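Spelled out from the first residue to the last, the chains are:
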Amino acid sequence: MTLSEAVESYLTLKRSLGAVFSADARILHSFGRALGDVPIDTISCEACQSFCRGTGPPTRFWERKYHTLRGFFGYLLARGHLPASPLPEAGPHPRVPRSFQAHIYSRDELRRLFEATSILRTARSPQQPVIFRALLLVLYGAGLRPGEALRLRCCDVDLADQILAIWDTKFFKSRLVPVGTDLCKALDIYRTVRQQLPLSGEARSAFFCTRTGHAISLATLEDVFIRLREHAGIRRPATDRWQPRLHDLRHAFAVHRVIAWYREGADVQACLPLLATYLGHINLSGTQTYLSMTPELLGHASRRFERYASVDGEDTHD
């Protein structure tokens, strides 16, 4: 069996089981291009190490490639296509510190970002500012993943009951996402524009679309976002490796929701499972990764602790 045949067989199996597997597919195809279409029993440990480590400085992507290859070779071993895995058991060392921190947009940054959509207007596509403003508002206001928003169909958006239906998303789960009145108003404005654009699939047509009625691609959204972010002057210091991302809108939604609960005096620990369900996470650990400790969030948490400590102290003296 050649490497290309093995990769296609593995991807076919994974996708038949419902896995999206897009990132892993890119890694395996890249592995195939790097080694060529060689027989799988000629793949060496050195070739696997070289592919995982690449030529640049250490990155977390080393580990991602290693784990993808481990699953691939495990599949070949289980089916008797290989007598042993060529992948080194120790993995791609040295490990890279996980220093990445999401950018939590301030209210002012969000305002500037949404206002920047006005630069998208062209004579050919005068609807673009409304389209992308509504799309960004959904990403922040409903905490959706970019792919979830782009896959919304017209029939998934129920503005009367203020519900968005999210289908077959990450972890292969579907969920209903309630949205607030202000976001519904913005989406209603956009829907008026959407009804003037082609609806080739009628109610199943893409809700967020281009002027031709086709769904907006993630690559297009990413490109537009970078243009808007730069126009709005939202950036980290030039020395930082990462600039604010599109996905950070979801992080900002989660942090701002927790801050709002603190301000309302709510039991935040009791509310976190609700936030996890809303975001479509399978457990609380997935949600906790979204809660960057910003100065504002830290301040609210500290004040809450001080009140509890004060109450405990008073009880002790009674």
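Residues numbered from 1 in each chain as written. Predicted model: local features only at pLDDT ≥ 70, side-chain atom pairs only at ≥ 80, totals over all residues. Heavy atoms only, no water.

Student: Kindly report on the sheet that holds strand 2 (residues 163–166), identifying the contributing residues and their values.
Tutor: Spatial strand order, 1-2-3: three strands in an open sheet with antiparallel pairing. The open sheet has two edge strands, strand 1 (157–158) and strand 3 (175–178), and neither has a second partner. Inspection of the sheet shows strand 1 paired to strand 2 by two bridges, in the antiparallel sense. Bridge pairing in strand 2 places Asp 158 opposite Ile 163. (Pairing = 2+ DSSP bridges. Helix = DSSP H or I, 4+ residues; strand = E, 2+ residues; numbered from the N terminus.)

Student: So what about the layout of surface pockets? Which residues, and what values?
Tutor: Roughly 210 Å³ of internal volume is contained in the second largest pocket. Lining the second largest pocket, in full, are Leu 137, Tyr 140, Gly 141, Pro 178, Val 179, Gly 180, Thr 181, Asp 182, Leu 183, Ala 186 and Tyr 278. For the lining of the second largest pocket, the elements supplying multiple residues, two or more each, are helix 6 (128–141) and helix 8 (181–194). Tallying contributions element by element places helix 8 first for the lining of the second largest pocket, with four residues. Grouping the constituent residues of the lining of the second largest pocket by class yields seven nonpolar, three polar and one charged. (1 Å grid on protein atoms, 1.4 Å probe; cavity = no way out; pocket = protein on both sides within 12 Å on 5 of 7 lines; lining within 4 Å. Points joined across faces, edges and corners; volume = space filled by probe spheres on them. Nonpolar A, V, L, I, M, F, W, Y, C, P; charged D, E, K, R; others polar.)

Student: Tell me about the nonpolar core, and name the residues and values.
Tutor: Formed by 61 residues in total, the largest nonpolar core has its most connected members in Leu 136, Leu 144, Leu 164, Leu 187, Phe 208, Leu 249 and Leu 275. Elements with a minimum of two residues in this core: helix 5 (107–115), helix 6, helix 7 (146–150), strand 2, helix 8, helix 9 (218–231), helix 10 (248–264) and helix 11 (268–279). If near-sequence neighbours (up to four positions away) are discounted, Phe 208 is found in contact with Ile 131, Ala 134, Leu 135, Val 138, Ala 149, Leu 152, Leu 187, Tyr 190, His 214, Ala 215 and Ile 216. (Core = buried A, V, L, I, M, F, W, Y, C linked by side-chain atoms within 4.5 Å. Buried < 20%, exposed > 50% of the residue type's maximum accessible area, 1.4 Å probe, protein only. Contact = heavy atoms within 4.5 Å.)

Student: Could you give me a rundown of the packing of helix 10 against helix 11, with the residues and numbers involved?
Tutor: At a closest axis distance of 11 Å, the pairing of helix 10 and helix 11 adopts a crossing angle of 150 degrees. With respect to helix 11, the element helix 10 is oriented roughly antiparallel. The handedness of the crossing between helix 10 and helix 11 comes out as right-handed. Packed against helix 10, whose contacting residues are Arg 250, Phe 253, Ala 254, Arg 257, Val 258, Trp 261 and Tyr 262, the element helix 11 presents Val 268, Cys 271, Leu 272, Leu 275, Tyr 278 and Leu 279 at the interface. For the contact of helix 10 with helix 11, a count of residues per class yields eleven nonpolar, no polar and two charged. (Axes fitted to C-alpha atoms, helices over the stretch in contact; angles between N-to-C directions. Parallel < 35°, antiparallel > 145°, perpendicular 65-115°, else oblique. Left-handed = near helix turned anticlockwise from the far one by under 90°.)

Student: Outline the environment of Arg 194, listing residues and values.
Tutor: Tracing the backbone through its elements, the reader meets Arg 194 in helix 8. The sequence separation of Arg 194 and Ile 131 amounts to 63 residues, and the corresponding C-alpha distance is 8.2 Å. Leaving out residues up to four positions away in the same chain, Arg 194 has contacts with Cys 154, Leu 199, Ser 205, Ala 206, Phe 207, Cys 209 and Gly 213.

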